[in-house]
Amino acid sequence: MLTGETQDAALARVGRALADPTRCRLLVALLDGPGYPAQLAGALGLSRSNVSNHLACLRGCGLVVASLEGRQTRYEIADPHLATALREMARVVLAVSPSEECLDEVVRP
């Protein structure tokens, strides 16, 4: 059973991953199934080294897993429950019409 502290740490890891636009895009791309750095880089219009660095971060957080397939590394969401949760979060956020701008989106003089 997860303690409150463990749950806090797990949610903070997901929050940090989703806070970065590139990591968020990678997680969304991996919701469609496993991917390879070169393929993900091409699909997202990013450099392969940038994608590899962000995938290493996501792996370190325990959000994705990597497996070697010959000379390539295949990445996928670490757990089906996480994939379900990410899809549900997107549905909830998309279903709610924000009445105010997100604080991070407010342009300050």
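Residues numbered from 1 in each chain as written. Predicted model: local features only at pLDDT ≥ 70, side-chain atom pairs only at ≥ 80, totals over all residues. Heavy atoms only, no water.

Here the focus is the nonpolar core. Membership of the largest hydrophobic core comes to 20 residues, with the highest contact counts inside it found for Leu26, Leu27, Leu30, Leu55, Leu58, Leu63 and Ile77. Sorting the residues of this core by element identifies α1 (4-19), α2 (21-30), α3 (37-44), α4 (48-60), β2 (72-77) and α5 (80-95) as the ones contributing at least two each. Here Leu58 is in contact with Ala17, Arg23, Leu26, Leu27, Leu63 and Val64, once residues within four sequence places are set aside. (Core = buried A, V, L, I, M, F, W, Y, C linked by side-chain atoms within 4.5 Å. Buried < 20%, exposed > 50% of the residue type's maximum accessible area, 1.4 Å probe, protein only. Helix = DSSP H or I, 4+ residues; strand = E, 2+ residues; numbered from the N terminus. Contact = heavy atoms within 4.5 Å.)

It is worth spelling out the pattern of salt bridges at this point. On inspection of all chains with the given rule, the structure shows 3 salt bridges. For Glu76, the salt bridge is made with Arg74, and the minimal N-O distance between the two is 2.9 Å. The residue Arg91 makes a salt bridge to Glu88 at a minimum N-O spacing of 2.3 Å. Linking Arg91 with Glu88, this pair stays in helix α5, spanning 3 residues, or about one helical turn. Where salt bridges share partners, they join Glu69, Arg74 and Glu76 into one cluster. (Salt bridge = Lys/Arg side-chain N within 4 Å of Asp/Glu carboxyl O.)

What follows deals with the environment of Arg48. Relative to the helices and strands, Arg48 resides in helix α4. In sequence terms Arg48 and Tyr36 are 12 residues apart; their C-alpha atoms lie 9.8 Å from each other.

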